[in-house]
Each structure stands twice: as structure tokens, then as C-alpha cells.
Amino acid sequence: MQFEEIKSLIEKELPGSVMGEDLASTPKALLVDPTQIRNVCEFLHTYEKTYFDSLSCLTGLDNGEEANTMEVIYHLYSIPFDLHLTLRVALDRSTPTIDSVTDIWKTADWHEREAYDLLGIQFKGHPDLRRILLPDDWEGYPLRKDYVEQEKYHEVKVKY
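Criteria and cut-off values
- Sequence order as written defines the numbering, with residues in each chain counted from 1.
- Under the rules for a predicted model, residues below a pLDDT of 70 receive no local features and side-chain atom pairs below 80 are neither given nor counted, while totals for whole chains, interfaces and linings still include all residues.
- Heavy atoms throughout the structure, all of them, feed into the side-chain values; hydrogens and water do not.
- We count a stretch as a helix when DSSP gives it H or I for four or more residues in a row; a strand needs E for two or more, and each element gets its number in order from the N terminus.
- Every helix has an expected span of 1.5 Å times one less than the residues it contains.
- Partly exposed residues are those whose accessible area sits between 20% and 50% of the maximum for their type, while under 20% is buried and over 50% is exposed, using a 1.4 Å probe and protein chains only.
- Polar contacts, as counted here, are pairs of nitrogen or oxygen atoms within 3.5 Å of one another; within protein the pair requires one atom able to donate a hydrogen and one able to accept it, and residues that are adjacent in sequence qualify only if both atoms are side-chain atoms.
- The contact rule is simple, with two residues in contact once any of their heavy atoms fall within 4.5 Å.
- By definition here, a salt bridge exists when the distance from a side-chain nitrogen of Lys or Arg to a carboxyl oxygen of Asp or Glu is within 4 Å.

Draft legend 1. Helix H4 (residues 108–119), seen in detail. Its twelve residues give H4 an end-to-end C-alpha distance of 16 Å, which sits within 8% of 16 Å, the value for a rise of 1.5 Å per residue. Of all twelve residues that make up H4, nine are buried, and the element is covered over most of its length. Every buried residue of H4 is listed here: Ala-108, His-111, Glu-112, Arg-113, Ala-115, Tyr-116, Asp-117, Leu-118 and Leu-119. Count one or two residues on from H4 and you reach Gly-120, which has phi positive near 80 degrees.

What follows is the structure, given as C-alpha cells:
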């Protein structure tokens, strides 16, 4: 199944969920309505002709204050069909919140926690959304473009 076929299939089954595409991305990406990402993921995982059984990577991206958006990027792979697909979702930077996909792919558990820990993206329905790399009492989100590193952490100098 080719990219255009997958896009058409999603548009037919979940009208309004695809907001655009990025053909320069590798693999090609569909831009998905954030309110529909969970439905799109579940459909792609369960539909017998796509069966995206693997979430290879989920990452977050801060587009900065000017764009005022953050993104969540999903890299999907179907082992039996050897299909690759990227899904991208743009979120409001002031309240980056999206549905969790941990019940679809177990690997999303750690990926979503990392995006939360480093960017502050909230994943609704995540079973254990807490920091994974930084201490629980760390201030801020280090991968945000406006992050200001704290001077000290528990009386230990942070800045070098």
C-alpha cells in the first residue's frame, strides 16, 4: 500500500482527520487533527491491510514562541507489510495536550514520558505520566526553546 492509498483510506474512514501532508519528510507524513490522533492510530493499528504493529518512535518538538506550536511526531511501521508512515500533530504551545496511545502501542509509555519530561507535553490517559530522565522536582522543560537553566539544584551548581 502506498502513501496516497493510506491517506485516502484514512480520509474515507475518518473524515476531517487529515489536515495535510509533508511529502518532503522521510517517510512521508500526514498532518493529523490533534483531536483525531488517537482514532487515526487505532485505525491504522487494527485495519487488516495496514496493521501498523510498531510505534518505532514518538517525539516532541518545540517550534518556538513565534510559531506558538509544539508537535508530536509518530513514526509507525508495519512489520508484515513493510510499511512506514509518519504522523505529525501540531499543538498549542501554551497548553500542549494530546491523547495517549499507550493502550495501542506499549512502547508509547516511555516515549510519551520523555516528551512530557523534556517538553511538558501532557498525554491524556497515560497510565503513569511522570518524569523519566530528570528528577521529579526539576524545574521546567529543558528542550523548550525558552527554557532557562536553573542556577542550582539542591545547592549544587548546575550551570557550567
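What follows picks up the thread again.
Draft legend 2. Examining the side chain of Asp-117 more closely. Of note, Asp-117 is situated in helix H4. Polar side-chain contacts of Asp-117 include one of 2.7 Å to the backbone nitrogen of Leu-133. For Asp-117, the contacting residues outside a window of four places in its chain are Arg-131, Ile-132, Leu-133, Leu-134, Gly-140, Tyr-141 and Pro-142.

Draft legend 3. How the structure looks around the pattern of salt bridges. Counted by the stated rule, this structure contains ten salt bridges. Two residues, Arg-93 and Asp-62, come together in a salt bridge whose shortest N-O distance is 2.7 Å. Residue Arg-93 is located in the loop between strand E5 (83–92) and strand E6 (97–99), and its partner Asp-62 is located in strand E3 (residues 54–62); the two are separated by 31 residues in the primary sequence. By relative accessible area, which is 7% here, Arg-93 ends up buried. Taking the relative accessible area as the measure of exposure, Asp-62 reaches 3% and is therefore buried. Close ionic contact of Asp-128 with Arg-130 constitutes a salt bridge, the shortest N to O distance being 2.9 Å. Three or more residues joined by partner-sharing salt bridges are found here, namely Asp-22, Glu-71 and Arg-88.

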